[in-house]
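Listed here are the chains, written in short residue letters.
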Amino acid sequence: MLEQEISKGIMEAMKAKDTVRLSALRNIKKYIIEAKTSGTAVDVLPDADVIKIITKLAKQGTDSAAIYAQQNRQDLADEELGQVAVFQEYLPKQLTDAELTDAVKAIIAQTGASSMKDMGKVMGVASKSLAGQADGKDISAKVKELLS
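This section reports on the structure supplied with the text. Per chain, residue numbering runs from 1 following the sequence as it is written. Given that the model is predicted, a residue must reach a pLDDT of at least 70 before its local features are reported, and side-chain atom pairs must reach 80 or more before they are shown or counted; all residues, however, enter totals for whole chains, interfaces and linings. Derived side-chain values reflect all non-hydrogen atoms in the structure, with water molecules and hydrogen atoms excluded from consideration.

Focus: the overall build of the protein
We count a stretch as a helix when DSSP gives it H or I for four or more residues in a row; a strand needs E for two or more, and each element gets its number in order from the N terminus. Looking only at helices and strands, one finds seven helices and zero strands in the protein. Secondary structure of the protein in N-to-C order comes out as α-α-α-α-α-α-α. Projected onto its principal axes, the C-alpha coordinates of the protein cover approximately 55 × 45 × 25 Å. Classification of residues uses two cut-offs on accessible area relative to the type maximum, computed with a 1.4 Å probe and protein chains only: under 20% is buried, over 50% is exposed, and between them is partly exposed. Within the protein, the proportion of its 148 residues that are buried is 34%. Contacts in the protein between residues at least 24 apart in sequence constitute 62% of all its contacts with a sequence separation of at least 6. Methods summary: accessible areas were calculated by the Shrake-Rupley approach with a probe of 1.4 Å, and residue burial reflects only the protein chains presented. Per element, the accessible surface of the protein, about 9000 Å² overall, is 54% carbon and sulfur. Each charge class in the protein was averaged separately, 20 positive and 21 negative side chains, and the resulting centres sit 3 Å apart. Throughout, a contact is declared for two residues whenever any of their heavy atoms are within 4.5 Å. Counting rule for charge: Lys and Arg are taken as positive, Asp and Glu as negative, and neither His nor the chain ends is counted. Here the site of a charge means NZ on Lys, CZ on Arg, CG on Asp, or CD on Glu.

So, the packing of helix α6 (residues 119–129) against helix α7 (residues 136–147)
Axis lines are fitted through C-alpha atoms, for helices just across the contact stretch, and the angle between N-to-C directions can take any value from 0 to 180 degrees. At a closest axis distance of 10 Å, the pairing of α6 and α7 adopts a crossing angle of 140 degrees. Regarding the angle of α6 to α7, the classification is oblique. Along this stretch, α6 crosses α7, giving a crossing that reads as right-handed. Where α6 abuts α7, its residues Met119, Val122, Met123 and Ala126 lie against Gly136, Ile139, Ser140, Val143, Lys144 and Leu147. Here roughly perpendicular refers to angles of 65 to 115 degrees, roughly parallel to angles under 35, roughly antiparallel to angles over 145, and oblique to all remaining angles. Left-handed describes a crossing whose near helix is turned anticlockwise from the far helix through less than a right angle; right-handed describes the clockwise counterpart.

Remarks on the side chain of Lys142
Along the chain, Lys142 turns up in helix α7. Polar side-chain contacts of Lys142 include one of 3.0 Å to the side chain of Thr101. Lys142 has contacts with Asp97, Leu100, Thr101 and Val104, leaving out every residue within four places of it along the chain. Any pair of N or O atoms that falls within 3.5 Å is considered a polar contact. Within protein, one atom must be able to donate a hydrogen and the other to accept it, and sequence-neighbouring residues count only if both atoms are side-chain atoms.

Notes on unusual backbone geometry
Residues other than glycine seldom take positive phi values, yet Lys17 does so here, at roughly 55 degrees. Along the chain, Lys17 turns up in the loop between α1 (2–16) and α2 (19–37). What makes Lys17 exposed here is its relative accessible area of 71%.

Some points on the nonpolar core
Membership of the largest hydrophobic core comes to 21 residues, with the highest contact counts inside it found for Ile6, Ile28 and Ile54. Taken together, the elements giving at least two residues each to this core come down to α1, α2, α3 (47–70) and α4 (74–89). By residue number, the principal contributor to this core is α3, which donates six residues. Other than its neighbours up to four places away in sequence, Ile6 contacts Leu25, Ile28, Ile32, Val50, Ile54 and Tyr90. Each nonpolar core is a collection of buried residues, namely Ala, Val, Leu, Ile, Met, Phe, Trp, Tyr and Cys, held together in the definition by side-chain atoms within 4.5 Å. Grouped together as the second largest cluster of nonpolar side chains are 15 residues, Met119, Ala126, Leu130 and Val143 included.

Let's talk about α7
Since the α-helix advances by 3.6 residues per turn, residues separated by three or four positions end up pointing in the same direction. Given the number of residues in a helix, its expected span is that number minus one, multiplied by 1.5 Å. Its twelve residues place the ends of α7 16 Å apart at the C-alpha level, agreeing with the 16 Å of an ideal helix rising 1.5 Å per residue. Along α7, the residues that are buried comprise Ile139, Ser140, Lys142, Val143 and Leu147. Each buried residue of α7 lies within a common arc of 165 degrees when the element is viewed along its axis, so the set occupies one face. Buried residues along α7 sit in contact with α5 (97–111) and α6. Note that the arc is defined by the directions from the helix axis to the C-beta atoms.

Some points on the layout of surface pockets
A probe as big as a water molecule, rolled over the atoms, marks out the empty space that is left. Of the two site types, the cavity is a set of points on a 1 Å grid over the protein atoms alone where a 1.4 Å probe fits but cannot get out, and the pocket is an open set with protein on both sides within 12 Å along at least five of seven lines, each lined by residues with an atom within 4 Å of a point. Grid points are joined across faces, edges and corners, and a volume is the space filled by probe spheres set on the points. Roughly 390 Å³ of volume is contained in the largest pocket. Elements with a minimum of two residues in the lining of the largest pocket: α3 and α7. A per-element tally of the lining of the largest pocket places α3 first, with five residues. Across the lining of the largest pocket, the residue classes tally to five nonpolar, seven polar and three charged. All residues other than Ala, Val, Leu, Ile, Met, Phe, Trp, Tyr, Cys, Pro, Asp, Glu, Lys and Arg, Gly among them, are scored as polar; the first ten of these are nonpolar and the last four charged.

Have a look at this one:
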C-alpha cells in the first residue's frame, strides 16, 4: 500500500535528517489523513486516491516553482522542485508521447468513437484508465488530435 510506503519514507527521512524529503512526505501524509477523515471514515486510503493526492501536490509544486522563478526567488523554486522530485518517486511512470498515442487509440477503438462528438465518452474512459500516468491536458490534447 502506498500509504504505508509514505509512512515508512517519513521515518527514513527523519533518521537521515533529509528535511526536503521529510517535508514533502509529511505534506502527502497530511492530505491522506484529511481524505480519510472527511466524509466516510476509512482505515486505509486506496492507492488510486493517494496517487490523485500526490499528482495534485506535484502539479501545485511545479506551478509554485515557476512563479518563484519569475519573481527571482530561485531558493524557494529549488525547494519546491526538490519536493516535486520526491512526489514523483511515488507516482506511476509517466507515459511517453508514443505510449499515450497508442493508449488513446485503443480507448477510441474500445468506445467506438468516430468524431469530436464522442470526445466526452473517450475522455471519461481515458481519464480513469490513464490517471497518474499522464496529465489531463495532455490526454485531452491527444484525444482532440486523434478524433479530428
